[in-house]
Amino acid sequence: MDEINGGEPYPAYSDRPHDFSLYLSWSFHPRLALTGNFTYMTGAPFTTPTGFYHYDHHQVPIYGKRNNDRLPDYHRLDVALNWQLSRPERKYQHELIFSFYNLYNRKNPVALHFNKIENEDGAYVVPTDLYPSPELVSTQFYLYGIVPSVSYHFRF
């Protein structure tokens, strides 16, 4: 598109040159299975400011090329224990699943914001006082840390 990035190509948000997943499952008992899923991806492209200027006591970012930087790499480990409660020959099957999403609690950022600080209420705001020289201060936002869960499945 000629209107974006001066008509020059740029990486899309979904551009991740490296994407690796490993899934392992171990049935260590006829009714118990342990599974693990490791996921790794390079960070998604995003646009960072290349400088700042001051206008009416506000610091305003200047942006250069679109998607000129990348978020940090994304990775997580999910594990689950499946416990088959019924015998395989039964008509009705049910099981319990105990799982952990993001077992090692990695804070995978989905967005970065620049020159924002956390105020007393926990909200992120742009500082009102001017910096003597513009500084690039980033704040990372992520969706989830570790998420434990218990599920019950019933089949017939």
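Residues numbered from 1 in each chain as written. Predicted model: local features only at pLDDT ≥ 70, side-chain atom pairs only at ≥ 80, totals over all residues. Heavy atoms only, no water.

Chemist: Is there a simple way to explain the layout of surface pockets in this structure?
Modeler: Unoccupied space between atoms shows up once a probe the size of one water molecule is rolled over them. Taken as a whole, the largest pocket encloses approximately 220 Å³ of empty space. For the largest pocket, the lining is made up of 17 residues, of which Tyr74, Asn108, Pro109, Val110 and Leu143 are closest to its centre. Looking at the lining of the largest pocket residue by residue, the class counts come to eleven nonpolar, three polar and three charged. (1 Å grid on protein atoms, 1.4 Å probe; cavity = no way out; pocket = protein on both sides within 12 Å on 5 of 7 lines; lining within 4 Å. Points joined across faces, edges and corners; volume = space filled by probe spheres on them. Nonpolar A, V, L, I, M, F, W, Y, C, P; charged D, E, K, R; others polar.)

Chemist: Would you take a moment to explain unusual backbone geometry for this structure?
Modeler: Note: most peptide bonds trans; most residues except glycine with negative phi. Phi at Asn5 is positive, roughly 60 degrees, even though this residue is not glycine. Considering the arrangement of structural elements, one finds Asn5 in the segment before β1 (19-29). Judged by its relative accessible area of 18%, Asn5 is buried. Residue Asn105 is not a glycine yet carries a positive backbone phi of 55 degrees. (Helix = DSSP H or I, 4+ residues; strand = E, 2+ residues; numbered from the N terminus. Buried < 20%, exposed > 50% of the residue type's maximum accessible area, 1.4 Å probe, protein only.)

Chemist: Can you walk me through a nonpolar patch on the surface in this structure?
Modeler: A cluster of nonpolar side chains, namely Tyr92, Tyr152, Phe154 and Phe156, defines an oily patch on the protein surface of about 530 Å² accessible area. Structurally, Tyr92 is set in the loop between β7 (74-84) and β8 (93-101). (Patch = residues over 30% accessible without salt bridge, like charges linked within 9 Å, V, L, I, M, F, W, Y side chains within 5 Å. Areas by Shrake-Rupley, 256 points an atom, 1.4 Å probe, with all protein chains shown as cover. Salt bridge = Lys/Arg side-chain N within 4 Å of Asp/Glu carboxyl O.)

Chemist: Looking at this model, I keep getting lost on the sheet that holds β1. Mind explaining?
Modeler: In a beta sheet, neighbouring strands pair by backbone hydrogen bonds and run either parallel or antiparallel. Read across the open sheet, the five strands follow the order β1-β2-β7-β8-β13; overall the sheet is antiparallel. Taken across any chain shown, the strands that pair with only one partner, and hence form the sheet edges, are β1 and β13 (147-155). Direction aside, neighbouring strands of the sheet carry axes that sit 15 degrees apart on average. Pairing between strand β2 (residues 32-41) and β7: ten bridges, direction antiparallel. Considered in β7, the bridge of Thr39 is made with Arg76. (Pairing = 2+ DSSP bridges. Axes fitted to C-alpha atoms, helices over the stretch in contact; angles between N-to-C directions.)

Chemist: Teacher, can you tell me more about the environment of Phe20 here?
Modeler: Its place among the elements puts Phe20 in strand β1. Sequence separation of Phe20 and Phe38 is 18 residues, and the distance between their C-alpha atoms is 8.2 Å. Not counting chain neighbours up to four residues away, the residues in contact with Phe20 comprise Phe38, Thr39 and Tyr40. (Contact = heavy atoms within 4.5 Å.)

Chemist: I keep staring at the side chain of Asn5 and nothing clicks. Help me out?
Modeler: A distance of 2.8 Å separates a polar atom in the side chain of Asn5 from the backbone nitrogen of Arg66. Beyond its immediate chain neighbours, meaning those up to four positions away, Asn5 contacts Tyr10, Lys65 and Arg66. (Polar contact = N/O pair within 3.5 Å; in protein donor to acceptor, adjacent residues only side chain to side chain.)

Chemist: Help me understand the pattern of salt bridges in this model?
Modeler: One side chain can pair with another of opposite charge once the charged atoms of both are near each other. By the definition in use, this model includes four salt bridges. Between Lys65 and Glu8 there is a salt bridge whose closest N-O contact spans 3.9 Å. Linking Lys65 in the loop between β5 (58-63) and β6 (69-70) with Glu8 in the segment before β1, this pair joins segments that are 57 residues apart in sequence. For Arg70, the salt bridge goes to Asp15, with nearest N and O atoms at 2.7 Å. Here Asp15 lies in the segment before β1 and Arg70 lies in strand β6, a separation of 55 residues in the sequence. The partly exposed category is assigned to Asp15, whose relative accessible area is 30%.

Chemist: In this structure, what is going on with the side chain of Ser86? I would like to understand it.
Modeler: With respect to the helices, strands and loops of the structure, Ser86 is situated in the loop between β7 and β8. Residue Ser86 is classed as buried on the basis of its relative accessible area of 6%. Within polar-contact distance, the side chain of Ser86 engages the side chain of Gln93 at 3.1 Å. In this structure Ser86 touches Arg31, Tyr92, Gln93 and His94, once residues within four positions along its chain are discounted.

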